[in-house]
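Read off the chains here:
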Amino acid sequence: MDLFHLGNAMFENFETNAVRIQTPKTAQNEHSTPLFMTSSFLFDDAEHARAIFAEEVQGNMYSRFSNPNTTELIEKLAEMEKTEDGVPFASGMAAVFNSMFALVKSGDHILASRSIFGSTHSIFTQIFPRFNIGHTYADIGNQKEWEDGVNPNTKLVFIETPSNPALDIIDLNWISNFCKERKLILIVDNCFCTPYIQRPAEWGADLVVHSGTKFLDGQGRVIAGAVLGRKDLIKEIRFIARATGPSLSPMNAWIISKSLETLSIRMERHSQNALKLAEYLEKHPQIELVKYPFLPSHPQYTLAKKQMKLGGGIVTFVVKGGLKRGAKFLDALKWFSLTANLGDSRTTATHPASTTHAKLTEDERLAVGIKPGLIRISVGLEHIDDIITEIEQALEASK
Ligand SMILES: Cc1ncc(COP(=O)(O)O)c(C=O)c1O
């Protein structure tokens, strides 16, 4: 790590690093990392100030640049993702945007998977064109589209796997070889999996982006993001982030770093509940279609098993009866939270076509597998019997 290597706890095992990577203790001898709510840091003297600004010595100077809480979070995430370095961001979208913006210039082109989050789609279609940065979408299953999508000015490839909400899976080994052969930078949004389930850098990705808002926090409290990856690329991203200021607050970094201590056990339970729910839905006569990476009926089941440790916490399905029935089903839910977020300890239900992916046209949605009646469930940590009972009663009530 360029700036502050904590170096105090690098273990073989994911779970131990998640708990033990921690900012060095202060003179107060605290056990748990304190919250460093300070906008700036003191210099010892004029020479120290000069040397820090000149980057001749390491040290905090201003929380837009670094802070012990954000450094702890990044050290931990970089170790979990098996990457060299990282930059914290105020939101997942700030991370997505800056991971690309910091590495392209006017005239460059980006190749991306068609099935991506709605706001990422807005960056490609409405924001990057203002800077003369073009894009092409390719379908996961269509190798020719990827090959034809590369232009002489293509700089990077951006993918989501599994995608939100279609749960399409891209072969990380294949795409990283594809990028390496063409000298393209590969960026993977790993938000649905978290590093406990999937580590794209181990398959060859150059950068991994996260919305910390989702499973990393896991309790629906904060908005946060991070980019992890190759040191040389992170240096560029850090430069842009420091100068333009999409900084993560120490408070939010502290919350997420604490949450990461329990990430492994939470992802185990999310995935266990989600698989049971998907198996239940698949047998239900009122359900037209269910998608879950670890259901054998998922079109990329074998691939999912190869690159993901577990199936994750998201299940999508379509209730028989189309959009109208889907809306009735959502209204019949008694205690699932109707909300746009996912990755919470509470089970949440979302209708992507009218919310998270409303900015796409109907055709664009259908092209990425978002049927009008598609429902996305982020399966929480409640008892699976209660989760199934809630779905059962909503299916009955919406008939
Ligand atoms: C796959 C994916 N990437 C990025 C984001 C953006 O994250 P944030 O809401 O923290 O900006 C989201 C949010 O839903 C997402 O689902």
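Note that this is a predicted model, so its numbers are computed, not measured.

Along the protein, the regular secondary structure elements total 16 helices and 12 strands. Taking 2.2 N^0.38 as the reference for a compact globule, 399 residues should give roughly 21 Å; the C-alpha atoms of the protein span a radius of gyration of 22 Å, in line with that estimate. Counting only contacts in the protein whose residues sit at least 6 apart along the sequence, the fraction spanning at least 24 positions is 73%.

Within the structure, the ligand sits among 13 residues, and Ser91, Gly92, Met93, Ser211 and Thr213 are positioned closest to it. Top contributing element to the shell around the ligand by residue count: helix H4 (residues 92–101), with 3 residues. Residues of the shell around the ligand, tallied by class, amount to 5 nonpolar, 6 polar and 2 charged.

Here the focus is the sheet that holds strand S12 (residues 374–378). Reading across the sheet, the 5 strands line up as S8-S9-S12-S11-S10 and stay open at both edges, with mixed pairing between neighbours. Every interior strand has two partners, whereas the edge strands, strand S8 (287–291) and strand S10 (337–338), have only one. Note that strand S11 (residues 348–350) and S12 share 3 bridges and pair antiparallel. Residue pairing in the sheet places alanine 349 in a bridge with isoleucine 377 of S12. Here helix H12 (residues 263–283) sits on the sheet in contact with S8, strand S9 (314–319) and S12, set at roughly 15° to S9.

Let us now look at the confidence of the model for the protein. Chain-level statistics for the protein give a pLDDT mean of 94 and a share of 98% at 70 or above. Ignoring residues within four places in sequence, the model shows residues 1–5, a span with pLDDT below 50, making 10 contacts including any to other chains.

Backbone phi values are negative for most residues with the exception of glycine, while trans is the configuration of most peptide bonds. Threonine 161 connects to proline 162 through a cis peptide bond whose omega is -10°. Here the residue pair asparagine 164 and proline 165 is connected by a cis peptide bond, since its omega of -5° sits within 30 degrees of zero. Note that proline 165 resides in the loop between strand S4 (154–160) and helix H7 (172–181). The phi angle at asparagine 29 is positive, at roughly 60°, despite the residue not being glycine. Within the secondary structure, asparagine 29 is located in the loop between helix H1 (14–20) and helix H2 (46–53). When the 6 C-beta atoms within 10 Å are taken as the criterion, asparagine 29 is described as exposed. In this structure, lysine 183 is a non-glycine residue whose phi angle is positive, near 55°. Of note, lysine 183 is situated in the loop between H7 and strand S5 (185–189). Of the residues examined, lysine 183 has 8 C-beta atoms within 10 Å and is grouped as exposed.

Looking now at the domain arrangement of the protein. We note that the domain assignment places domain 1 (14–262) and domain 2 (263–397) within the protein. The gap between the C-alpha centroids of domain 1 and domain 2 is 27 Å. The interface is formed by 33 residues belonging to domain 1 together with 36 residues belonging to domain 2. For the side of domain 1 that touches domain 2, the secondary-structure elements that each account for two or more residues are H1, helix H5 (118–127), helix H8 (194–197) and helix H11 (250–260). Of the residues assigned to the side of domain 1 that touches domain 2, the class counts are 16 nonpolar, 12 polar and 5 charged.

Bringing H2 into the picture now. An α-helical turn contains 3.6 residues, so any two residues separated by three or four positions project in the same direction. With respect to burial, H2 is a largely exposed element, only 0 of its 8 residues being buried. Looking one or two places after H2, you find glutamate 55, whose phi comes out positive at around 55°.

Turning our attention to the sheet that holds S5. Here we have 7 strands laid out as an open sheet, ordered S1-S7-S6-S5-S4-S2-S3, and mixed in their pairing. Pairing within the sheet leaves two strands with one partner each, and these edge strands are strand S1 (85–89) and strand S3 (134–138). In this sheet, adjacent strand axes meet at a mean angle of 20° when their direction is disregarded. Contacts from helix H3 (residues 68–81) reach S1, strand S6 (207–211) and strand S7 (225–229) within the one sheet, and its direction differs from that of S1 by about 130°. Packed onto the sheet, H4 meets S1, strand S2 (109–113), S4, S5, S6 and S7 and runs at close to 35° relative to S7.

Moving on, we get to the packing of H4 against helix H10 (residues 231–244). Two elements in contact, H4 and H10, have axes whose closest approach is 9 Å; the angle formed by their N-to-C orientations is 120°. The angle between H4 and H10 falls in the class oblique. At the point where H4 passes H10, the crossing takes the right-handed sense. Contacts between H4 and H10 pair Asn98, Ser99 and Phe101 from the former with Ile237, Ile240 and Ala241 from the latter. Looking at side-chain class alone, the contact of H4 with H10 contains 4 nonpolar, 2 polar and no charged residues.

Analysis parameters
- Residues numbered from 1 in each chain as written.
- Predicted model: local features only at pLDDT ≥ 70, side-chain atom pairs only at ≥ 80, totals over all residues.
- Helix = DSSP H or I, 4+ residues; strand = E, 2+ residues; numbered from the N terminus.
- Rg over C-alpha atoms; globule rule 2.2 N^0.38 Å.
- Contact = placed C-beta atoms within 7 Å.
- Near = placed C-beta within 6 Å.
- Nonpolar A, V, L, I, M, F, W, Y, C, P; charged D, E, K, R; others polar.
- Pairing = 2+ DSSP bridges.
- Axes fitted to C-alpha atoms, helices over the stretch in contact; angles between N-to-C directions.
- pLDDT = per-residue confidence, 0-100.
- Buried ≥ 20, exposed ≤ 12 C-beta atoms within 10 Å, placed from the backbone.
- Domains from an automatic or database assignment.
- Parallel < 35°, antiparallel > 145°, perpendicular 65-115°, else oblique.
- Left-handed = near helix turned anticlockwise from the far one by under 90°.

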